[in-house]
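Structural overview for review
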Amino acid sequence: DILMTQSPASLSASVGDRVTITCRASQSIRRFLNWYQQMPGKAPRLLIYAASNLQDEVPSRFSGSESGTDFTLTISSLQPEDFATYYCHQSYSTPWTFGQGTKVDLK
Amino acid sequence: QVQLQESGPGLVKPSQTLSLTCTVSDGSISSGAYNWTWIRQHPGKGLEWMGHIYDTENSSFNPSLKSRLTMSLDTSARQFSLKLTSVTAADTAVYFCGRVWFTYGLIDHWGQGALVTVSS
């Protein structure tokens, strides 16, 4: 199985902060990496697909990048509605696997 | 806008079979562009891919569940289903159904989730 190591597990930030979350794959997954946001008690929501493509209707403050097996989700200016848990997801090979999640809360 | 909705018992006894159905609100589920998936989330934990189904002949399951898992499609009813046999307390989770755009393997639409508790 491909292991997705996501960091940090949690972070505290303020509105307006720039936030970066990283996911490292245990082997090459090319660009088959997606990012999801999950609010408490809700289903995940797709933010970024194929490493850097913004899903429709997702604000442009969200962006994704890739460098080899390292993937980054950046929120350029954190908004109140962005406090949530974020997951990376590799869809390069089955079994698909997710990172452990990063909980973003208010400092 | 496509919507997905899980349905099924919220309580299952140990050793029995967990059965859930996902109803897709719009469009054909036999469209070539999409797979249909189940993801589960144990209480307070992360996401676990269970498997996905493309058509009645093509599916892929997580090896950790493969011996207990069945998925099926009912295209006329716009539904797909999950059966997990011989459940234990470790199968207590929120179960999400989802639509997969298989070109990128992204899950672009999700059901709201169904909590299934395994308990006697």
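Everything below is about the structure printed above this text.
Described below are features of the structure shown in this document. (Residues numbered from 1 in each chain as written. Chains lettered and ligands numbered in written order. Predicted model: local features only at pLDDT ≥ 70, side-chain atom pairs only at ≥ 80, totals over all residues. Heavy atoms only, no water.)

In this section: the overall build of chain B. A tally of helices and strands in chain B yields 0 helices and 11 strands. The linear arrangement of helices and strands in chain B, starting from the amino end, is β-β-β-β-β-β-β-β-β-β-β. In terms of C-alpha radius of gyration, chain B reaches 13 Å, essentially the compact-globule figure of 14 Å for 120 residues. A principal-axis box enclosing the C-alpha atoms of chain B has dimensions of 40 × 25 × 25 Å. Across the 120 residues of chain B, 48% fall into the buried class. Looking at chain B alone, contacts between residues at least 24 apart form 53% of all its contacts between residues at least 6 apart. Here chain B displays about 5,500 Å² of accessible surface, and carbon together with sulfur accounts for 48% of that area. Taken together, the 8 basic and 8 acidic charged side chains of chain B have centroids lying 9 Å from each other. (Helix = DSSP H or I, 4+ residues; strand = E, 2+ residues; numbered from the N terminus. Rg over C-alpha atoms; globule rule 2.2 N^0.38 Å. Buried < 20%, exposed > 50% of the residue type's maximum accessible area, 1.4 Å probe, protein only. Contact = heavy atoms within 4.5 Å. Areas by Shrake-Rupley, 256 points an atom, 1.4 Å probe, with all protein chains shown as cover. Lys, Arg positive; Asp, Glu negative; His and termini not counted. Charge placed at Lys NZ, Arg CZ, Asp CG, Glu CD.)

Turning to the side chain of Gln37 of chain A, a few remarks are in order. All names here are of chain A. Positionally, Gln37 belongs in strand E4 (residues 33–38). A residue is classified by how much of its surface remains accessible, and Gln37, at 4% relative accessible area, is buried. Reaching out from Gln37, the side chain makes a polar contact with the side chain of Tyr86 at a distance of 3.0 Å. Contact partners of Gln37, with chain neighbours within four places excluded, come to Ala43, Pro44, Arg45, Leu47, Phe62, Glu81, Asp82, Ala84, Thr85 and Tyr86. (Polar contact = N/O pair within 3.5 Å; in protein donor to acceptor, adjacent residues only side chain to side chain.)

This next bit is on the state of the cysteines. Residue and element names in this part refer to chain A. Per the stated rule, a full pass over the model turns up 2 disulfides over all chains. Across a sulfur-sulfur distance of 1.7 Å, Cys23 and Cys88 are joined as a disulfide pair. Of this pair, Cys23 sits in strand E3 (residues 19–25) while Cys88 sits in strand E9 (residues 85–90), and the two are 65 residues apart along the sequence. There is no split in this pair, since Cys23 and Cys88 are both buried. (Disulfide = S-S within 2.5 Å.)

This brings us to the sheet that holds strand E1 (residues 4–7) of chain A. All names here are of chain A. The strand order across the open sheet built from 4 strands is E1-E3-E8-E7, with neighbouring strands paired in antiparallel fashion. Looking at strand neighbours, the two that pair on one side only are E1 and strand E7 (62–67), the edges of this open sheet. Here the average twist between neighbouring strands, direction ignored, is 20°. Alignment of E7 against strand E8 (residues 70–75), held across 6 bridges, turns out to be antiparallel. The partner of Phe62 across the bridge, within E8, is Ile75. (Pairing = 2+ DSSP bridges. Axes fitted to C-alpha atoms, helices over the stretch in contact; angles between N-to-C directions.)

Summarising the element assignment, Gln38 of chain A is placed in strand E4. At 2.8 Å, the side chain of Gln38 of chain A forms a polar contact with the backbone oxygen of Lys42 of chain A. For Gln38 of chain A, the contacting residues outside a window of four places in its chain are Ala43, Pro44, Ala84, Thr85 and Tyr87 of chain A together with Gln41 and Phe96 of chain B.

With 27 residues, the main nonpolar core has Trp38, Met50, Phe80, Leu82 and Tyr95 of chain B as its most contacted residues. Among the elements that take part in this core, strand E3 (residues 18–24) of chain B stands out by supplying 4 residues, more than any other. Setting aside residues up to four positions removed in sequence, Leu82 of chain B forms contacts with Leu18, Ser19, Leu20, Trp38, Met50, Leu69, Thr70, Met71 and Tyr95 of chain B. Counting 25 residues, the second largest nonpolar core, distinct from the first, contains Val19, Ile29, Trp35 and Phe83 of chain A. (Core = buried A, V, L, I, M, F, W, Y, C linked by side-chain atoms within 4.5 Å.)

Let us look at the pattern of salt bridges. Residue and element names in this part refer to chain A. In total, this model carries 8 salt bridges over all chains according to the counting rule given. Glu81 is paired through a salt bridge with Arg61; the nearest N and O atoms lie 3.4 Å apart. In this pair, Glu81 is assigned in the loop between E8 and E9 and Arg61 in the loop between strand E6 (53–54) and E7, connecting sequence segments 20 residues apart. Residue classification places Glu81 among the partly exposed residues on the basis of a relative accessible area of 46%. (Salt bridge = Lys/Arg side-chain N within 4 Å of Asp/Glu carboxyl O.)

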